[in-house]
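Read off the chains here:
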Amino acid sequence: MKHIIFGESHGPAIGVVLEHVPSGIVVDMDFIRAEMARRAPGKSPMSTARQEADEPHILSGVFEGKTTGTPLCAVIENTDTRSKDYAKLKDLPRPGHADYSGHVRYEGCNDYRGGGHFSGRLTAPLVFAGALAKLILKEKGVTVSAVISNVGGVADPTPEQVEEIVLAAKKDLDSVGGAIRCTVDGLPAGLGAPDYGRNVEGIFSQQLYAVPAVKAVAFGAGFGFAVMRGSQANDPFYMDGDAVRTRTNHTGGVNGGITNGMPVVFEVAIRPTPSIAQEQDTVDLSTGRDAKLIIEGRHDPCIVHRAVPVIEAAAALAACELLGI
């Protein structure tokens, strides 16, 4: 099952096309809408004030409530755009954003309004695709769940702490990043391979790094391995009935690029939102000179809390790939 996301933040719509979707999957729209609502903007002072219903309209690939097996296309309309807020970004790229790299890659033809195709807005159709993947995985006994593991340097924060940290950054006309820990449970041992393009970590990372703002991925203990001894890092085996298990899961459920039957666990780092209201140094692409930039418009002071369902979506798509779906 492959997918391609299309559209721009301030275009008429965004969407996704999925190919090779298994036929006969019951498309639970209540579940899909609930997943979309977890990511949707405009629900708290910690998020952008942009209001979008994020209601997916399925154009093909579903008949009488089930997938047909033919390409599935879903479209999400953009209804609350303020393109004038981004006029200056045509020539003044935002530090930390893809404005400049996109300008070079697409020879100045990229849609810069709201970040265009590089906007976090494009994670909405990804969540739709991931919700469908979750419905498929459910039939295989596989579940995907994620939690905020860090915001602004505070580990495993409570919801109150998250809000306090984010609103403090917002007050300073700044933004804050964090991390998300995700667990994929129910994958059998033996999936993947040690080879390039087929190893478990590579398949997950390919999906995860396609999410805007993801700048690091670590499995199991991750960088913690650098300060461990082998006696600490190794996961002792034991028999749980007829099943082989490990007493710890420092490797995050993967050995040699292959699942070992334990939950696949990884953590992703989410960078602070580049669009901040403080004055920043940039360049004027029209004149080739240094310039100053104060970003206007509606932006998230933190995207970590909205990114939780996005990371789950990417993980669900990776799990489907591992299972050969």
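Here the structure is shown first, and the text comes after it.
Here goes a summary of the coordinates provided. (Residues numbered from 1 in each chain as written. Predicted model: local features only at pLDDT ≥ 70, side-chain atom pairs only at ≥ 80, totals over all residues. Heavy atoms only, no water.)

### Examining the overall build of the protein chain
Where we set the bar: Numbering of helices and strands runs from the N terminus, with a helix taken as a DSSP run of H or I at least four residues long and a strand as a DSSP run of E at least two residues long. With the radius of gyration taken over C-alpha atoms, the globule rule is written as 2.2 Å times the number of residues to the power 0.38. Think of it in three bands: residues with accessible area under 20% of the maximum for their type are buried, residues over 50% are exposed, and the middle band is partly exposed, with areas taken using a 1.4 Å probe on protein chains only. Residues are treated as being in contact if the distance between any of their heavy atoms lies within 4.5 Å.
Of regular secondary structure, the protein chain possesses 7 helices and 17 strands. In terms of overall dimensions, the protein chain is globule-like: its C-alpha atoms have a radius of gyration of 21 Å, near the 20 Å expected for 325 residues. Here the C-alpha coordinates of the protein chain stretch approximately 65 × 55 × 40 Å along the principal axes. Out of the 325 residues in the protein chain, the part that is buried amounts to 46%. Restricting to contacts in the protein chain with at least 6 residues of sequence separation, those with at least 24 account for 71%.

### What to know about helix H1 (residues 29-39)
Applied cut-off: What the arc covers is the set of directions going from the helix axis to the C-beta atoms.
Of all the residues in H1, the buried ones are Met-29, Ile-32, Glu-35, Met-36 and Arg-39. Looking straight down H1, one finds that the buried residues subtend no more than 120° of arc, so they occupy a single side. In this structure, the buried side of H1 is in contact with strand E3 (56-60), strand E6 (72-77), helix H3 (123-138) and helix H7 (304-322).

### Quick look at the nonpolar core
Condition: Buried Ala, Val, Leu, Ile, Met, Phe, Trp, Tyr and Cys residues form a nonpolar core when they are joined through side-chain atoms within 4.5 Å.
Membership of the largest hydrophobic core comes to 70 residues, with the highest contact counts inside it found for Leu-18, Ile-180, Val-184, Phe-204, Phe-266, Val-268 and Ile-311. Beyond its immediate stretch of four places on either side in the chain, Phe-204 contacts Val-184, Phe-219, Val-264, Phe-266, Ala-315, Ala-318, Ala-319 and Leu-322. Within the second largest apolar cluster, 6 residues are counted, among which are Tyr-86, Leu-89, Leu-92 and Leu-293.

### Structural notes on the packing of aromatic side chains
Applicable threshold: Between 30 and 60 degrees the pair is tilted, below 30 it is stacked and above 60 it is edge-to-face, where a pair is any two Phe, Tyr or Trp rings, Trp via its six-membered ring, whose centres lie within 6.5 Å. Criterion for a charge above a ring: Arg CZ or Lys NZ at most 6 Å from the ring centre, at most 35 degrees from the ring normal.
The full count for this structure, using the stated rule, is 4 aromatic pairs. Here Phe-204 and Phe-266 contribute two aromatic rings whose centre-to-centre distance is 5.7 Å and whose plane-to-plane angle is 50°, an arrangement assigned as tilted. Residue Phe-204 is found in helix H5 (residues 200-208), and its partner Phe-266 is found in strand E15 (residues 264-270); the two are separated by 62 residues along the sequence. The residues Phe-204 and Phe-266 share a single accessibility class, namely buried. Their ring planes at 50° and their centres at 5.7 Å tell us that Phe-219 and Phe-266 sit as a pair that is tilted. Placement of Phe-219 in strand E10 (residues 214-219) and of Phe-266 in strand E15 is noted, with a sequence separation of 47 residues between them. Taken as a pair, Phe-219 and Phe-266 share a single burial class, namely buried. Of the aromatic side chains, those joined through ring pairs into one cluster are Phe-204, Phe-219 and Phe-266. The ring of Tyr-238 has Arg-247 sitting right over it, with the charged end atom 4.3 Å from the ring centre.

### Looking at the sheet that holds E10
Selection rule: Two strands form a pair only when DSSP identifies at least two bridges running between them. Interaxial angles span 0 to 180 degrees and are taken between N-to-C directions of axes, which are lines fitted to C-alpha atoms, for helices over the stretch in contact.
Read across the open sheet, the 5 strands follow the order E8-E7-E9-E15-E10; overall the sheet is antiparallel. Two strands close off the open sheet at either side, each with one partner strand: strand E8 (154-155) and E10. Pairing between strand E7 (residues 143-151) and strand E9 (residues 178-185): 8 bridges, direction antiparallel. Within E9, the residue paired with Ile-148 across the bridge is Ile-180. On the sheet, H7 packs against E7, E9, E10 and E15 and is oriented at approximately 145° with respect to E7.

### Topic: the pairing of strand E12 (residues 243-246)
Note that strand E11 (residues 237-240) and E12 share 4 bridges and pair antiparallel. Counterpart to Phe-237 in the pairing with E12 is Thr-246. Linking E11 to E12, which pair antiparallel, is a turn of 2 residues; within it Gly-241 sits at a positive phi near 70°.

### Focus on the environment of Asp-290
For Asp-290, the location among the structural elements is in strand E17 (residues 289-293). Residue classification places Asp-290 among the exposed positions, given a relative accessible area of 72%. Counting along the chain gives 161 residues from Asp-290 to Ala-129, while the straight-line C-alpha distance between them is 41 Å.

### Quick look at the side chain of Ser-175
This is how the line gets drawn: Identification of polar contacts relies on pairs of N or O atoms within 3.5 Å, with a donor-acceptor requirement for protein atoms, meaning one able to donate a hydrogen and the other able to accept it, and with residues adjacent in sequence counted only if both atoms are side-chain atoms.
Along the chain, Ser-175 falls in the loop between helix H4 (159-171) and E9. At a separation of 2.7 Å, a polar atom in the side chain of Ser-175 contacts the main-chain carbonyl oxygen of Thr-273.

### Examining the environment of His-117
Looking at the secondary structure, you find His-117 in the loop between helix H2 (99-105) and H3. Put simply, His-117 and Phe-6 are 111 residues apart on the chain and 7.6 Å apart in space, counted from C-alpha to C-alpha. Beyond its immediate sequence surroundings of up to four residues, His-117 is in contact with Ile-5, Phe-6, Gly-7, Glu-8, Asp-111 and Leu-122. Within the structure, His-117 has its side chain in polar contact with the backbone oxygen of Gly-7 (distance 2.8 Å).

### A word on the pattern of salt bridges
Applicable threshold: A pairing counts as a salt bridge when a side-chain nitrogen of Lys or Arg comes within 4 Å of a carboxyl oxygen of Asp or Glu.
A complete count under the given rule lists 15 salt bridges for this structure. Arg-38 is the salt-bridge partner of Glu-35, the closest N and O atoms lying 3.2 Å from each other. Remark: Arg-38 and Glu-35 occur in helix H1; sequence separation between them is 3 residues, near one turn of the helix. Among the ionic pairs, Asp-111 bridges to Arg-113, the shortest N-O distance being 2.8 Å. Sharing partners across several salt bridges, the network here consists of Glu-35, Arg-38, Lys-134 and Glu-312.

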